[in-house]
Amino acid sequence: MKLTEQDLHLLEFASYDDYLNSLIDGKSLQYFGNRENLISLYRTGYRALTKEAFDAQRTFLEVTKDPNTLFSRHIAPKDRFLQEIAKRERPNRLGLLSTIIYMRYVKKATEISGYIDYEEALRRVHQDQQYSNDWRAIFAEEKVLYPTPADLLYYNAKTGRSTRNNTRNYQILCDPARGIIFRNMYDRKDIYPDPVARSYGTNTSRIELASDLYEQVVLYDHVVRKNY
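Residues numbered from 1 in each chain as written. Predicted model: local features only at pLDDT ≥ 70, side-chain atom pairs only at ≥ 80, totals over all residues. Heavy atoms only, no water.

### Focus: the overall build of the protein
Here is the rule: Going along the chain from the N terminus, every DSSP run of H or I of four or more residues is numbered as a helix, and every run of E of two or more is numbered as a strand. Classification of residues uses two cut-offs on accessible area relative to the type maximum, computed with a 1.4 Å probe and protein chains only: under 20% is buried, over 50% is exposed, and between them is partly exposed. Any two residues whose heavy atoms approach within 4.5 Å are treated as being in contact. For the area figures, the Shrake-Rupley method with a 1.4 Å probe applies, and any residue is considered shielded solely by the protein chains shown.
Each helix and strand counted, the protein has eight helices and nine strands in total. Residues classed as buried in the protein amount to 45% of the 228 residues present. Sequence-distant contacts, at least 24 apart, represent 53% of the contacts inside the protein between residues at least 6 apart. Carbon and sulfur atoms form 47% of the exposed surface of the protein, whose accessible area is close to 12800 Å².

Written out as structure tokens, the structure reads:
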């Protein structure tokens, strides 16, 4: 992704308050009164980013500008699952490894389950993009990652809602004998998530993790052999 000058302009602000102050001009003050009232209005998201959106967008720009800047950088999660996906963040972002996360998560007596294309979910950080992720908060265990209708496969046990989505990395196939198959779009290799399968696919391994945050977590790691 090529960053525009407007994108990079956001990186010039050291804090959210600096960003809000930059939006104030004489015309705005004329219409909305004093500075404090205007700042309060901007904080709601009126003609400005909210603080959450500012932080998420700024983090995204930093990572896009510098591939060595990771969401998990300088964060040491205690949960085993978060530790494992932190290890996998860089190789997934570089396209060397492609991880699919299977997850069952219970929220307010409702079980949500599904498969997440990790690399695709790492890119879904824009606040104006539906089901965006605040990855730094997730790695810091301040927020929880769970499958959404934007991920590969999603199922809500309470509402019965289910969705399936192909991503930039995977095409979803259904085989009458082997069930769900995820076909990697770079090397055309298939991943078989069946837990009792003898093989999970070429260059693919499966690991199930104990987690204090989730009912069940499984990682399918596929080493990508790119054809270019």
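### Comments concerning the confidence of the model for the protein
The predicted coordinates ought not to be read in detail in places where the model reports low pLDDT. To keep things clear, this is the line we draw: pLDDT expresses, on a scale from 0 to 100, how confident the predictor is about each individual residue.
Confidence along the protein averages 87 in pLDDT terms, with 89% of residues attaining 70 or more. Of all secondary-structure elements in the protein, the lowest mean pLDDT belongs to helix α1 (residues 5–9), at 65, while strand β9 (residues 216–223) reaches the highest, 97.

### Quick word on helix α4 (residues 35–43)
Let me state the cut-off plainly: Taking the helix axis as origin, the arc is that swept by the directions to the C-beta atoms. N or O atoms within 3.5 Å of each other form a polar contact, as long as, within protein, one can give a hydrogen and the other can take it, and as long as residues adjacent in sequence are counted only when both atoms are side-chain atoms.
Among all positions of α4, only Leu-38, Ile-39 and Tyr-42 are buried. Taken end-on, α4 shows its buried residues confined to a sector of 100°, consistent with a single buried face. Those residues of α4 hidden inside the fold are in contact with α2 (16–22) and α3 (26–32). Two or three places before Glu-36, at the start of α4, stands the capping residue Asn-34, its side-chain oxygen 3.2 Å from that residue's backbone nitrogen. Positive backbone phi, approximately 105°, marks Gly-45, located one or two places after α4.

### Quick look at the side chain of Asn-92
With respect to the secondary-structure elements, Asn-92 resides in helix α6 (residues 80–94). Judged by relative accessible area, which is 2%, Asn-92 ranks as buried. Here Arg-88 takes part through its backbone oxygen, which lies 2.9 Å from a polar atom of the side chain of Asn-92. Excluding residues within four positions of it along the chain, Asn-92 makes contact with Leu-97, Ser-98, Thr-99, Tyr-118 and Glu-119.

### What to know about the nonpolar core
Stated precisely, the cut-off is as follows: To form a nonpolar core, buried Ala, Val, Leu, Ile, Met, Phe, Trp, Tyr and Cys residues must be joined to one another through side-chain atoms within 4.5 Å.
Counting residues in hydrophobic clusters, the biggest one holds 21 residues, and the most contacted among them are Phe-81, Ile-85, Ile-101, Trp-135 and Leu-145. Counting residues per element, the ones that place at least two in this core are α6, β1 (97–107), α7 (118–123), α8 (135–139) and β9. Counting residues per element, this core draws most heavily on α6, at four residues. If sequence neighbours within four positions are ignored, Ile-101 has contacts with Phe-81, Ile-85, Gly-114, Tyr-115, Ile-116, Tyr-118, Leu-145, Val-217, Val-218 and Leu-219.

### A few points about the pairing of strand β8 (residues 204–209)
The condition that has to hold: A pair of strands is considered paired only if DSSP assigns at least 2 bridges between the two.
The pairing of β8 with β9 spans six bridges and is antiparallel. Each residue of the ladder has a partner; that of Thr-204, found in β9, is His-222. The turn linking β8 back onto β9 is made up of six residues.

### Regarding the packing of aromatic side chains
Aromatic rings in a pair are described by how distant their centres are and how their planes are angled relative to each other. Rules: Centres within 6.5 Å are what make two rings of Phe, Tyr or Trp a pair, Trp counting through its six-membered ring; a difference in plane orientation under 30 degrees is then read as stacked, over 60 as edge-to-face, and the rest as tilted.
Counted by the stated rule, this structure contains 13 aromatic pairs. Judged by centre distance (4.9 Å) and plane angle (45°), the ring pair of Tyr-102 and Tyr-115 falls under tilted. In this pair, Tyr-102 sits in strand β1 while Tyr-115 sits in strand β2 (residues 110–117), placing the two residues 13 residues apart along the sequence. For Tyr-115, a relative accessible area of 13% puts it in the buried group.

### A short note on the pairing of strand β5 (residues 170–175)
Direction of pairing for β5 relative to strand β6 (residues 179–184): antiparallel, over a ladder of six bridges. Looking across to β6, one finds that Asp-175 is bridged to Gly-179.

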